[in-house]
Structures are given as structure tokens and as C-alpha cells.
Amino acid sequence: MQTKHTFSTIFWLQTTRTVNNEALIYIRITVDGKRVNFSLKKRVPINMWDSNKKKVKGTTAHAKQTNLYLEEVKSQLFQIYQDLKFKGQLITAQLIKSHYTNTNIDEGKTIFEIIEYHNQKIANTLAPGSIRNFGVTESYVKKFLKKKKHTNNIYLKQLNFEFLSDFQMYLSNLYPAGHPKALGQNTVMKHIQRLRKIITLAFHMEWIDKDPFVRFRMSFEKTHREFLSETELYTVENKDFISDRLDRVRDLFVFSCYTGISYVDIMALTTDHVVMGIDGNNWIITKRQKTDTLVKVPLLPQALEIIQKYKDHPVTAVSESLLPKLSNEKLNVYLKEVANFVGIKKNLTFHMARHTFATTITLSNGVPIETVSKLLGHTKITTTQIYARVLDNKLSSDMNQLKSILEIKSNNEKQKAANKSSNSLNISYKYV
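What you see is a predicted model; the values in this text were computed from it and never measured.

## Structural notes on helix α4 (residues 128–148)
Okay, step 1: Compared with an ideal rise of 1.5 Å per residue, which puts 21 residues at 30 Å, α4 spans 30 Å between its outermost C-alpha atoms and is within 8% of the ideal.
Okay, step 2: Those residues of α4 not exposed but buried are S130, F134, T137, E138, Y140, V141, F144 and L145. Summarising the axial view, the buried residues of α4 lie within an arc of 160°, below the 170-degree limit, and thus occupy one face. Away from its buried face, by an angle of more than 90 degrees, α4 presents the exposed residues R132, K146 and K147.
Okay, step 3: Residues of α4 that are buried sit in contact with α3 (111–122), α5 (161–172) and α6 (185–204).

## Digging into the sheet that holds strand β2 (residues 22–31)
Paired through their backbone hydrogen bonds, the strands of a sheet run either parallel or antiparallel.
Okay, step 1: In spatial order, the strands read β1-β2-β3; together these three strands make up an open sheet with antiparallel pairing. Strands with a single pairing partner mark the edges of an open sheet, and in this sheet they are β1 (7–19) and β3 (34–45). Within this sheet the neighbouring strands show an average axis-to-axis angle of 25°, counted without direction.
Okay, step 2: The sheet contact formed by β2 and β3 spans nine bridges and is antiparallel. Bridged to L24 within β3 is R43.

## Some points on the layout of surface pockets
Using a probe with the size of a water molecule, rolled over the atoms, empty space left in the structure can be pinpointed.
Okay, step 1: Space inside the second largest pocket adds up to approximately 910 Å³.
Okay, step 2: Considering the residues around the second largest pocket, the lining is formed by 32 residues, among which D32, K34, I154, Q158 and N160 are closest to the centre.
Okay, step 3: Listed by contribution, the elements that provide at least two residues to the lining of the second largest pocket are α2 (93–101) and α5.
Okay, step 4: Broken down by element, the lining of the second largest pocket gets its largest block of residues, four residues, from α5.
Okay, step 5: Of the residues assigned to the lining of the second largest pocket, the class counts are 10 nonpolar, 10 polar and 12 charged.

## A few points about unusual backbone geometry
Okay, step 1: For N21, which is not glycine, the phi dihedral falls at a positive 65°.
Okay, step 2: In this structure, N21 sits in the loop between β1 and β2.

## Describing the environment of I278
Okay, step 1: Following the sequence through the fold, I278 ends up in the loop between β6 (274–276) and β7 (282–287).
Okay, step 2: Owing to a relative accessible area of 86%, I278 belongs among the exposed residues under this scheme.
Okay, step 3: Between the alpha carbons of I278 and T349 there is a distance of 34 Å; along the sequence they are 71 residues apart.

## With respect to helix α8 (residues 244–259)
For an α-helix, the turn length of 3.6 residues means that residues three or four places apart are oriented alike.
Okay, step 1: The terminal C-alpha atoms of α8, which comprises 16 residues, lie 22 Å apart, in line with the 22 Å expected from a rise of 1.5 Å per residue.
Okay, step 2: Within α8, 13 of the 16 residues are buried, which leaves it mostly tucked inside the rest of the structure.

## A closer look at the pairing of β7
The two faces of the sheet receive side chains in turn, since in a regular strand these alternate between them.
Okay, step 1: Bridging between β6 and β7 involves three bridges; their strand directions are antiparallel. Paired with M276 across the strands is N282, a residue of β7.
Okay, step 2: If you look at the hairpin formed by β6 and β7, you'll find five residues sitting between the two strands, and G280 has a positive phi there, around 85°.
Okay, step 3: Relative to strand β8 (residues 294–298), β7 is paired through five bridges, and the arrangement is antiparallel. Note on β8: the bridge partner recorded for I284 is V297.
Okay, step 4: Joining the antiparallel neighbours β7 and β8 is a turn of six residues, in which D292 adopts a positive phi near 60°.

## Considerations on the sheet that holds β7
Okay, step 1: Here we have three strands laid out as an open sheet, ordered β6-β7-β8, and antiparallel in their pairing. Whereas interior strands pair on both sides, the edge strands pair on one side only; in this sheet they are β6 and β8. Across the sheet, the mean angle separating the axes of adjacent strands is 35° when strand polarity is ignored.

## Notes on the packing of aromatic side chains
Okay, step 1: In total, this model carries 14 aromatic pairs according to the counting rule given.
Okay, step 2: Measuring from ring centre to ring centre gives 5.5 Å for W12 and Y26, while their planes differ by 35°; the resulting arrangement is tilted. Here the residue W12 occupies a position in strand β1, and Y26 occupies one in strand β2, the gap between them amounting to 14 residues.
Okay, step 3: For the pair F161 and F216, a centre-to-centre distance of 6.0 Å together with 55° between the ring planes defines the contact as tilted. Here F161 is found in helix α5, whereas its partner F216 is found in the loop between α6 and α7 (230–237), with 55 residues between them in sequence.
Okay, step 4: With relative accessibility at 38%, the residue F161 sits in the partly exposed group.
Okay, step 5: Through a chain of ring-to-ring contacts, three or more aromatic side chains come together here, namely F144, F163, F167 and Y170.
Okay, step 6: One Lys or Arg, K42, reaches over the ring of Y69 and ends 4.9 Å from the middle of that ring.
Okay, step 7: The ring of W207 carries the charged tip of K109 above its face, separated from the ring centre by 5.0 Å.

Criteria and cut-off values
- Here, residues in each chain are numbered from 1, in the same order as that chain's written sequence.
- Residue-level local features of this predicted model are given only where pLDDT is at least 70; pairs of side-chain atoms are given and counted only at 80 or more, and the full residue set underlies all totals for whole chains, interfaces and linings.
- The side-chain numbers reported here are obtained from all heavy atoms of the structure, hydrogens and water having been left aside.
- Secondary structure counts use DSSP, requiring at least four H or I residues in a row for a helix and at least two E residues in a row for a strand, with both numbered from the N terminus.
- Working rule for helices: expected span equals 1.5 Å times residues minus one.
- Burial classes follow relative accessibility: with a 1.4 Å probe on protein chains only, a residue under 20% of its type's maximum area counts as buried, one over 50% as exposed, and anything between as partly exposed.
- The reported arc concerns the directions from the helix axis to the C-beta atoms and nothing else.
- Here, two residues are considered to be in contact whenever any of their heavy atoms come within 4.5 Å of each other.
- In this analysis, strands are considered paired if DSSP registers two or more bridges between them.
- Between N-to-C directions, angles cover 0 to 180 degrees, with each direction set by a line fitted to C-alpha atoms, over the stretch in contact for helices.
- The distinction between a cavity and a pocket rests on a 1 Å grid over the protein atoms alone: a 1.4 Å probe fits inside a cavity but cannot get out, while a pocket stays open yet meets protein on both sides within 12 Å along at least five of seven lines, and a residue with an atom within 4 Å of a point counts as lining.
- Grid points are joined across faces, edges and corners, and a volume is the space filled by probe spheres set on the points.
- Note that Gly is not counted as nonpolar here; it falls among the polar residues with everything else outside the nonpolar set of Ala, Val, Leu, Ile, Met, Phe, Trp, Tyr, Cys and Pro and the charged set of Asp, Glu, Lys and Arg.
- Stacked, tilted and edge-to-face are the three classes applied to pairs of Phe, Tyr and Trp rings, where Trp contributes its six-membered ring and a pair requires centres within 6.5 Å; stacked means planes under 30 degrees apart, edge-to-face means over 60, and tilted covers the rest.
- Should the NZ of a Lys or the CZ of an Arg lie within 6 Å of a ring centre and within 35 degrees of the ring normal, that charge is described as sitting over the ring.

All quantities given are derived from atomic positions and should not be read as evidence of function.
Below, the structure is given as C-alpha cells:
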């Protein structure tokens, strides 16, 4: 396998410490610009050393024997380098020296040692989807090392800004299998963000002395997250589908629009999750699989109607679920059919229902963002702000309300001025 590693060796005489006009022969190993020096424990007369040819002068038996030895050393070092390269192992000048001198060397932990430790750490704490995402990032790190660094692993101490920049460029030009386009900017940043969490763990555990991300800046592009307007949602709700399949898909989507509950959490709902709340009405109380956060959602009439529709339905009786079950992949495919039938041009996805709940159903109707954050099961309000949208009709309503307030204030000020003027006239008439 070809490599872009650079390797060289050079001999020289260490003349600063001579004994009887003889000096030790040293060798320097250089790999990728990093070098290490060590003594060969062999002395030669200073006047017998050829500094240009880097060998002993003359044709004496001693000269020939010494030069042969130097060639053997050079050959052995190059063979060690080739073996490491062939095996796809880490290659450093220090590592080659340790193999030659048969000495143990501790270069510290490798990147896959911390990845393995991190995998064990998150195994029982993160949702399966999050664990799967870390697995994808790990696979990209492996491919990057093999294709661009020509190795199967790398020491944590070797991580630096250049490595991160190279990894970013590699991801930006990566076309995943079955994808017509390269990874987008935000997808690239998410992979680097996951790698950063892993490397930060190594830094906190003191496996490395410095954080290689200290000067690296993440740059996410702002994205427009679509949602349905009131008119579009009403159209979807009231469309009569001949197909039971599309009817169920529509019901699941609308249920999420009026509850904000994600796909994976809806699929886990049973009748036990519907309880009476403190207000005497029906609520759904469950936990988000993604964050294990408790979610309490008072049921709006539209959502309650869908629950009642499937209360004794055969599809829920078999699965013992609150609503019909369907794979996320098929659900999103069928939603494209739903959009086509109702005449919606937007790319309808199930996650759009959650945005519709946050924007069209709650925020645009005056529900405080703090309340919306609780309903969505977010642990940080900044996450909710991603979903928040100010609609045109809300802008118009707010500005009209402001207009009315300003008009009232203006009329009050005019009335005060008129009253003041009238009082002044009355006073003037008294003194006439």
C-alpha cells in the first residue's frame, strides 16, 4: 500500500565527546519531519570519518567491517519502517528506534482506545439512535486514517489542528454509499462535534496533555426547518383517504402535530400512558427515549379524537399500542403520498409535525416558549428556539395590537391637552 510517510536515516560522528581522538557514531531517524537520535555504541578515529559520504574512509579490514555494519543498521531500520507500513500500524521515529533497540516505549493511548472507552461509557446511558450516530462517526475516523493517513490507528498525542482540518476536508468531500451528494456542512460539523466529545473525555481523563480542539471553531449553517401552516394542517386533517394505509399515516402525523411527541416515542405509547391530569383532563405522560426526560402533554381535542378512533381497532389490539405501528422509513415514504393527495408542495416528513406543534399550534397562539420547551421534553430552552418560528399572521396581529395601543395613548394625550387648554380658558374668563 502506498504511503505519504517520509523516512530517512543519516550517520554522523559525535565529536564533542572524543576519547583518544575517537568519537561515537550516531544515527538520526527522521519520519514525517520528526526525528530521533541515538548512539550505535561504536567508535572510529575522527580522521578516518568521511563527513560527506557518512562512512569510514579507506579499504582496511576495520573500515570495511565498520561500513558493512552501518549498511546493515540502515537496512534493518528501513525494514522495520516497511513492516510497520505494511501492517498499517503507527509509524514514528521513536517507535522505529524502540523496535531496533528492543526497548519498550510508551507513546500513550491511541484514538481507538478512547473511542472504545467512550463506547462502553455511553452503552447504557444514551438512546440507541445516539449510539448509532457515534458509530457512524467512528467508521469515518477509521476510513480517514486508512485513506489519508495510511494507518489503522494514531496516538492521541499526535492529534493536532492539522489533523482536525484534514478530517473536516475529508468529510466535506465524502459521498456516503447510496447518497447522490457529499456530506453537508452541518452533517460534517455533527461528526466533528461527536469526535470532540470523545477527545474531550480523553483530555479530562488526562490521557493527553492538551486539547487539540482548543483553536478549532465549529461553523454550522443556519437551516430553514419547515412546518405546516394552519390552513395546510386543516387540509391534511380533513382529507378523506380511500386507502386505510394513508389514513393511518395521516392520523399519526396529525397526532404528533397536536402533541409534539416524536415518532419513536409515539410508537412506544400504550393506554397506560394516558392518565388524568391535575386539571381533570386526559394527559399523556411518558419519557423521551432520546434524553430519558419526562414529558407531560395535556391532550387537545384533535389528539384525543385520534386516540378514541383506535381504542378498539384491530391494528392496536394486536400490537397493544395506543396508535398503529409503522416503521419510520415507510411512514416518511407514505407521507409523500399524503402531501401529493392534499396538494402540499413541501417535503412532508414526520419530524415536521413536531415543528408544526411548536410553531403553528403553540407559539403562534401565545403559548410561552418556556411551556413549549417542557411540552417538547427539551432540557435546554435554546433547543426549543430552533423550532420557534414567528408567522406572518402573528407579526400582523402583534403589530395591529401595538397600533391600537399607540392610538389609544395618542388619543389620551390629545384629550389631556384639550382638557388643559379648556381649563386655561376658564381661568382667563374669571379675570376679565
